[in-house]
There are 2 protein chains.
Amino acid sequence: MNGEIITIGDELLIGQVINTNQAFIAEQLNSVGIYVEHMTTVGDNLTLILDAFTTAMSRSNVVCITGGLGPTHDDITKQALCKFFNTDFVVHQQTLNKIKALFQQRNLPLTQASADQALVPRGCTVLENPIGSAPGMLFEYHSTAEEKYLIAMPGVPFEMEKIVADSVIPFFKKKNFSSIVRHRTLKTTGISESVLSEKLGSIQEITGTDGSLTLAFLPNPFGTKLRLTVREHSIEAAEQKLSHAETLIRSKAEKYIYSSSELELEDVIGELFRKRKLTLATAESCTGGMIANRITNVSGSSEYFLRGYVTYSNISKTELLSVDENIIAEYGAVSREVAEAMASGARTNAKSDIAISTTGIAGPAGGTPEKPVGLVWIGYADREITFAMKFNLGDHRLRFKERASQAALELLRRKLSSIPIQE
Amino acid sequence: MNGEIITIGDELLIGQVINTNQAFIAEQLNSVGIYVEHMTTVGDNLTLILDAFTTAMSRSNVVCITGGLGPTHDDITKQALCKFFNTDFVVHQQTLNKIKALFQQRNLPLTQASADQALVPRGCTVLENPIGSAPGMLFEYHSTAEEKYLIAMPGVPFEMEKIVADSVIPFFKKKNFSSIVRHRTLKTTGISESVLSEKLGSIQEITGTDGSLTLAFLPNPFGTKLRLTVREHSIEAAEQKLSHAETLIRSKAEKYIYSSSELELEDVIGELFRKRKLTLATAESCTGGMIANRITNVSGSSEYFLRGYVTYSNISKTELLSVDENIIAEYGAVSREVAEAMASGARTNAKSDIAISTTGIAGPAGGTPEKPVGLVWIGYADREITFAMKFNLGDHRLRFKERASQAALELLRRKLSSIPIQE
């Protein structure tokens, strides 16, 4: 089964909005054996939308469309669907009732534009949208040769995601499409793409030569992901091939791999803290709260995360973390000594088992020849040891913060997993 | 001049990577009068890549390609370009020297895969990549009827962005394409899309009826963006139309608009603090550092941001923010009283002019009928007043944090700009 995703909206074509819907839908379709071969984006233009529908329906079995279902004048996807399927609008009573109830609940008068969201092209199956007013729509028609499905959903990411999870995936799961595509991703950090590639050596040794298994290198500011993709006829065969390849990769680069699932580094660390019943405090200067923010993105983090200090001023380092002001005066706020004192002070004052600290120069201003923009010291303290490590993470402020937060979390992972810290 | 963007990579088709390159390139091309009409994504498959090249070059004047230029085996874009232009590879000596120097500097042996990054299809113009080893490539050919340009760049976002900024935009700027497309975006928060639409009333009154100006509503967790797009023959005429429409919109919804540029709410607030020479401290529970993180994303924030407290545990609220433990016991950690005490305590202890606080239930666990998941109290304290406001921000943990951080920053903006807080 091949699939296609059409995302509709001028905001995409002018670059105002980053298209996150494509990735979400593609991944979901993959999980039920639909392999996306094309993604296209068109503007809020009836002719171009109809063109895209025609092309997509001619080459793809499953076409997922997002965008243009909202209540405002620039939303024309439903019109395009009526035209494409040569049909008219009918009121979907259940949706209309829901919209009415929603407005009543909020004490707002029902607007015509909102009521019109209950209109759907005749003949479609309505896919309920429990968290928004525009429902999803499923059109199916089968010739003797092929099955064809077209699904239209709102462009608001979390509404679309809900409809996909509640309606689209269960619908296709029942169809039981035969070809299985499975992925496994090994997330690495602390090693560059090309050095990692060298370490792995021959790719064919890992993937074999029959073409059913592929390996891709995907670098980003947080590290490099290794993605294995397999196409097989059974889940068992697929999983077996993936596991074999993962074992080979791990034998060569184990210590850089922090996750082989969707888990982020903060999730992995959360699990380690939970299991070992340890507690954590953070003391951040240059990362400005990003580490605490990432740690608290994990549900249940209050079990092990006690508190975070964002000590942007020197005086806050002294007051909150008991960093000796003479140390700051002698070595500068960005120094091994201050990073160590911050971690140690955070641990003592928060009464946590472990503390981590950052102090660096995020830029763009504030660099000197000895301490350039991008320099960061990451400090660590537990009951037995206090130390700090130096990194140079480049001169882009946000990327610097991302990389520094990643390096700090990776330091925690390695300490808690007894993996050597250096290299 | 119409444009097209082709992004290449299996990681996009399986949904592992979110495509941020499209948006960036589209916006940049817009700025030099190239209007993107199509975006397509294809996998690492030679046939499909060549198909995409053929389609794009037949319908678009400017085709920008990203991805598949890396050093690993799955990168085949350069091969496809050679095939498409029916040419062979030549060594680009300058790039080779740079790669050699880079490896020397890092004390690494030069790998063949890395050296091969200096190979480019004969006849292209090399676009220097100062922060990576794969250079960009520009192909141009002009028939009597049309100019055609094809540009290939690495898929790593910041390398691509650098090449676009350094080479691509200056190149097209010189061409001076006649049709001008200009956008202006008014970012609103604290009002729903449909209520905002009602407030604005007739869209045609704002945009006029000749079709040169359009208005789009773009909702996201942080608010709704109003995007005006105009096509004109001169920058002056375009800017005049945009300003006129902006004035009309502002007359109806001024107080919800926090930015009419690329500035985020944290930038706007930074400017307000700087101008008024005020200082800020944050005290976060449920947002877990996200507010501090956003504030410190702004370069120069150390001028006004003194410190942040991430007080996840009750005891940290008492120790760091001097919140009376009896208040926590009586009203619960998520309460008006605690939010106010947090803000007030943060202000006193940090010796800042202003402090902001959050305490809420980010979920998915921890809700009760009286205090459901999504409930948050946002506290504010300055020299004259201390108060807290209640919000219900839904049950998705990350979205909850985003919305709560936005509501807190908006509260700051309104206070500092003397805009009424309520409604």
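Residues numbered from 1 in each chain as written. Chains lettered and ligands numbered in written order. Predicted model: local features only at pLDDT ≥ 70, side-chain atom pairs only at ≥ 80, totals over all residues.

1. Considering the overall build of chain A
Here comes step 1: Of regular secondary structure, chain A possesses 16 helices and 17 strands.
Here comes step 2: With respect to the principal axes defined by its C-alpha atoms, chain A has extents near 80 × 60 × 40 Å.
Here comes step 3: Expressed as a percentage of its 423 residues, the buried residues of chain A come to 49%.
Here comes step 4: At a minimum sequence separation of 6, the contacts of chain A that also span at least 24 residues come to 66%. (Helix = DSSP H or I, 4+ residues; strand = E, 2+ residues; numbered from the N terminus. Buried ≥ 20, exposed ≤ 12 C-beta atoms within 10 Å, placed from the backbone. Contact = placed C-beta atoms within 7 Å.)

2. Observations regarding the pairing of strand S9 (residues 180-188) of chain B
All names here are of chain B.
Here comes step 1: As judged from the 9 bridges shared by S9 and strand S11 (residues 223-232), these two strands associate in the antiparallel manner. Bridge pairing in S11 links Lys-187 to Lys-225.
Here comes step 2: Inspection of the sheet shows S9 paired to strand S12 (residues 257-259) by 2 bridges, in the antiparallel sense. Considered in S12, the bridge of Thr-188 is made with Ile-257. (Pairing = 2+ DSSP bridges.)

3. Things to note about the environment of Gly3(A)
Residue and element names in this part refer to chain A.
Here comes step 1: Relative to the assigned elements, Gly-3 resides in strand S1 (residues 2-8).
Here comes step 2: A sequence separation of 54 residues divides Gly-3 from Met-57, and the C-alpha atoms of the two residues are 9.6 Å apart.
Here comes step 3: Residues within four places of Gly-3 in sequence aside, it is in contact with Leu-29, Ile-34, Tyr-35, Val-36, Ser-60, Asn-61, Val-62 and Cys-64.

4. Observations concerning the relation of the copies chain A and chain B
Here comes step 1: Laying chain A over chain B is done by rotating through 180 degrees and shifting 0.0 Å along the axis; what remains is an RMSD of 0.1 Å. In symmetry terms, the pair is related by a two-fold rotation axis.
Here comes step 2: When the interface residues of chain A are mapped onto chain B, 100% of them again fall at the interface, so both copies present the same face. (Least-squares fit on C-alpha atoms with pLDDT ≥ 70 in both.)

5. A word on the packing of helix H2 (residues 21-31) of chain B against helix H7 (residues 157-175) of chain B
All names here are of chain B.
Here comes step 1: Viewed as axis vectors pointing N to C, H2 and H7 meet at an angle of 15 degrees, and their least axial separation amounts to 11 Å. With respect to H7, the axis of H2 lies roughly parallel. Like other packed secondary-structure pairs, H2 and H7 cross with a definite hand, here right-handed. Counted together, Asn-21, Phe-24, Ile-25 and Gln-28 of H2 and Pro-157, Met-160, Glu-161, Val-164 and Ile-169 of H7 form the full contact between these two elements. (Axes fitted to C-alpha atoms, helices over the stretch in contact; angles between N-to-C directions. Parallel < 35°, antiparallel > 145°, perpendicular 65-115°, else oblique. Left-handed = near helix turned anticlockwise from the far one by under 90°.)

6. Describing the sheet that holds S11(B)
All names here are of chain B.
Here comes step 1: If you trace the 4 strands from one edge of the open sheet to the other, you get S10-S11-S9-S12, paired in antiparallel fashion. A single partner strand is all that each edge strand has here, and the edge strands are strand S10 (213-220) and S12. Direction aside, the axes of adjacent strands within the sheet are offset by 30 degrees on average.

7. Re the domain arrangement of chain A
All names here are of chain A.
Here comes step 1: Here chain A is described as being made up of domain 1 (2-175), domain 2 (180-259) and domain 3 (265-416).
Here comes step 2: The centre of domain 2, based on its C-alpha atoms, is set 31 Å off from the matching centre of domain 3.
Here comes step 3: At the interface, 7 residues of domain 2 touch 8 residues of domain 3.
Here comes step 4: Taken together, the residues of the side of domain 2 that touches domain 3 break down into 3 nonpolar, 4 polar and no charged. (Domains from an automatic or database assignment. Nonpolar A, V, L, I, M, F, W, Y, C, P; charged D, E, K, R; others polar.)

8. Side note on the sheet that holds strand S13 (residues 280-284) of chain B
Here comes step 1: Taking strand neighbours across the sheet as the criterion, the 10 strands line up as S17(A)-S16(A)-S15(A)-S13(A)-S14(A)-S14(B)-S13(B)-S15(B)-S16(B)-S17(B) in an open arrangement whose pairing is mixed. The open sheet has two free edges, formed respectively by strand S17 (386-392) of chain A together with strand S17 (386-392) of chain B, since each of these has just one partner strand. Neighbour-to-neighbour, the strand axes of the sheet open up by a mean angle of 10 degrees, direction not taken into account.
Here comes step 2: As judged from the 7 bridges shared by strand S16 (residues 375-381) of chain B and S17(B), these two strands associate in the antiparallel manner. In the strand pairing of S17(B), Ala381(B) is matched with Thr386(B).

9. Some thoughts on unusual backbone geometry
All names here are of chain A.
Here comes step 1: Between Gly-363 and Pro-364 the backbone carries a cis peptide bond, its omega angle lying at 0 degrees.
Here comes step 2: Among the structural elements, Pro-364 can be located in the loop between strand S15 (354-360) and strand S16 (375-381).
Here comes step 3: For Ser-418, which is not a glycine, the phi torsion comes out positive at approximately 55 degrees.

10. Things to note about helix H4 (residues 77-84) of chain B
An α-helical turn contains 3.6 residues, so a residue and the one three or four places further along point in the same direction.
Residues and elements named next belong to chain B.
Here comes step 1: Those residues of H4 that sit buried are Thr-77, Lys-78, Ala-80 and Leu-81. Each buried residue of H4 sits inside an arc of 160 degrees when the element is viewed along its axis, so together they form one side.
Here comes step 2: Where H4 is buried, its residues touch strand S1 (2-8), helix H3 (46-59), strand S3 (62-66), strand S5 (119-121) and strand S8 (147-153).
Here comes step 3: Directly beyond the C-terminal end of H4, a positive phi value near 50 degrees is found at Asn-86. (Arc of directions from axis to C-beta.)

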